[in-house]
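# Report on the structure
The residues making up each chain are set out below.
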Protein chains: 2
Amino acid sequence: MRATVIHGPNDIRVEEVPDAAVRHPTDAVVRVVLACICGSDLWAYRGVAARQPGQRIGHEFLGVVEEVGSEVSGVRPGDLVVAPFVWSDGVCDYCREGLQTSCPHGGFWGEPGSDGGQGEAVRVPFADGTLVGLPAEAASDERLLTALLALSDVMATGHHAALAAGVRPGSTVAVVGDGAVGLCGVLAARRLGAERIVALGRHQARTEIARSFGATDVVAERGDEAIAAVKELTGGQGAHAVLEAVGTEQSMRTALSIARDGGAVGYVGVPHGGSAGVDIRQMFDRNVALRGGVAPARAYIPELLADVLAGRIDPSPVFDRTVDLDGVPDGYRAMDDRSALKVRIKP
Amino acid sequence: MRATVIHGPNDIRVEEVPDAAVRHPTDAVVRVVLACICGSDLWAYRGVAARQPGQRIGHEFLGVVEEVGSEVSGVRPGDLVVAPFVWSDGVCDYCREGLQTSCPHGGFWGEPGSDGGQGEAVRVPFADGTLVGLPAEAASDERLLTALLALSDVMATGHHAALAAGVRPGSTVAVVGDGAVGLCGVLAARRLGAERIVALGRHQARTEIARSFGATDVVAERGDEAIAAVKELTGGQGAHAVLEAVGTEQSMRTALSIARDGGAVGYVGVPHGGSAGVDIRQMFDRNVALRGGVAPARAYIPELLADVLAGRIDPSPVFDRTVDLDGVPDGYRAMDDRSALKVRIKP
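Please read all numbers here as calculations on a predicted model, not as lab measurements.

What counts and how
- Residues numbered from 1 in each chain as written.
- Chains lettered and ligands numbered in written order.
- Predicted model: local features only at pLDDT ≥ 70, side-chain atom pairs only at ≥ 80, totals over all residues.
- Heavy atoms only, no water.
- Domains from an automatic or database assignment.
- Contact = heavy atoms within 4.5 Å.
- Buried area = accessible area lost by both parts, 1.4 Å probe.
- Salt bridge = Lys/Arg side-chain N within 4 Å of Asp/Glu carboxyl O.
- Polar contact = N/O pair within 3.5 Å; in protein donor to acceptor, adjacent residues only side chain to side chain.
- Buried < 20%, exposed > 50% of the residue type's maximum accessible area, 1.4 Å probe, protein only.
- Helix = DSSP H or I, 4+ residues; strand = E, 2+ residues; numbered from the N terminus.
- Pairing = 2+ DSSP bridges.
- Right-handed = clockwise from strand over helix to strand, strands pointing away.

## A few points about the domain arrangement of chain A
All names here are of chain A. As assigned here, chain A comprises domain 1 (2–153 + 296–345) and domain 2 (158–292). One C-alpha centre belongs to domain 1, the other to domain 2; they are set 27 Å apart. Between domain 1 and domain 2, the residue contacts involve 19 residues of the former and 19 residues of the latter. Buried surface at the junction of domain 1 and domain 2, summed over both partners, amounts to about 1600 Å²; 66% is from carbon and sulfur atoms. When the buried surface of domain 1 facing domain 2 is broken down by residue, W43, R338 and L341 rank first, second and third, together holding 36% of it. Linking domain 1 to domain 2 there are 3 salt bridges.

Encoded structure:
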């Protein structure tokens, strides 16, 4: 089969690789119908996050089950399924508590020895614990299918940020980051009842999506000017809940600074700025909490899926370009230079 | 009157200062019956926290109201009262929400222009917002009065750590720091229903208090060995809730490392290690939250007071030495060399 392989910084190739196959009785093989490129893939693409040359890449996909191992009972060949961006056994303490990202048997698509999502098919470990079934009729509805693809990561991650930031009905929320996760954070905050949502961003196509997702205000400034603008919009106090969806030192610094005293920053941007942006003294003096991390998408997919199917949320607008497998390297380039927001892959 | 003044590192003196007096209609003057020295005073004593030479010091006291300004209606001369370690106006958004430490009119005892608690009397700004009345009969019960003194800071701060760490009935808790705040954190965790409480400390007199306050286990190791010991006690997972009551880089590093995935560190140690101990990548990967800060003691005193009066909690054992005003410099030395846990002052 063909799949996306990362050989080094800026070196993404689509190559022939061994066919995905059941290796353990708890495995399933899923033929990929839709996959996509994540903002977090760019850390590897840019060489900031280390990868072994030849590792697969891509951690967001949905598709049709092709084959299952002898111990798989939750899905059957022919089922339409979505995978969260980590696999998990479904039976350990953490999985039962809804923190599947801490499953001791879990793993991340594309890690050495595993398939990545940006390919023709994927071997799914612990299929019963990992995969979530989708209604078969979704297969013929491209808009719906695209919205469901967002559940594998960005919508679930935006939701995690909103929960971690403590968004409640009536909250004033600020969202740092106008990528797909930040935009889904806006959608998640509105879904949780936020009254006011300030989106920080200056890229018009993105801020328009933010407004359509529920942002009531847009702040185009950066750094200290952004902080001042958010303070001004919030009576000098800042936002109860701040969603940090970038992961740099500057974004963390901004996020903590625009949180209201006693509020919280829900951070889901993979932290690449180290702890430098975490101003602990400011957090201490103002009782600003820092919560978040890698989103247990598997825990959130069922409830978010219900809302997507019911038409209450539609994250599909975050996808603004589509490529086939041959187009994946171009897709990375487009996301890297920000000419594309999020690239969908139809293998 | 006489009061404690800090002139520089290791230079604490008791001197004649202007009498405390009502300056604003919202002021009261409180004659100090009991005060004490705080572990956080040692940061100033050691020169780590900057003070202007000649600043007053001491932020924990209870006493009898001597005089009130014309706009004070909540307390009267003769009332026995306790002060939280910051004053606050009692009417702003933050005060009404219970985050009095963020009151825009608030301040910290001993800051330039204000009296400190370690003296004969204190001018209390915003007396109605700040002071909490105590039953008059407590004045004749020295043990009870000592327990009530702990409400001004250490008991309220231990409670804040426990709340911030999310202690719930059944929680497994670990407490980093065997000072008075850490010990009160043990008491607070037990009060909130923790099932298992691991106290980290190696000073026998202190760990004995920890056990009497509800600690089920004591870990005497430090650093990596302490982390391993807590992991071993908790089935390899760590504690749901970790109370950090020190404020150094090492203590924060230990606290985050012994938190269970998905758990939280409630930190109340004034952070003097900067953000170096905040391992954001570890927090991210394991969804460990960091919450806490300066405790809004004023918000907690009423409920904690009720429990002290009812005999449900007794933090008085954290005081292990008593001095008069002349003995205050000796008290600082004793706390600095850890020969005293917490020094009570009878002016």
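Continuing now.
## Regarding the interface of chain B and chain A
If you look at the interface, chain B gives 36 residues, while chain A gives 36 residues. Summed over both partners, the interface of chain B with chain A buries about 2800 Å², with 54% contributed by carbon and sulfur atoms. Considering only the side of chain B, the residues that lose the most area to chain A are I280(B), F284(B) and N287(B), jointly responsible for 24% of the buried surface there. In this assembly, chain B and chain A are joined by 2 salt bridges. One salt bridge in this structure joins R260(B) and E97(A), with 2.8 Å as the shortest N-O distance. There are 19 residue pairs in polar contact (both at pLDDT 80 or more) connecting chain B and chain A.

## Thoughts on the pairing of strand β14 (residues 239–244) of chain B
Residues and elements named next belong to chain B. Burial of β14 is extensive: 5 of the 6 residues sit out of reach of the surface. As paired elements, strand β11 (residues 172–176) and β14 share 4 bridges and run parallel to each other. By the bridge assignment, V175 is partnered in β14 with L243. Where β14 and strand β15 (residues 259–267) come together, 5 bridges link them in parallel fashion. Its bridge partner lying in β15, A241 is registered against A264. Each parallel crossover has a hand, and the one from β14 via helix α9 (residues 249–258) to β15 is right-handed.

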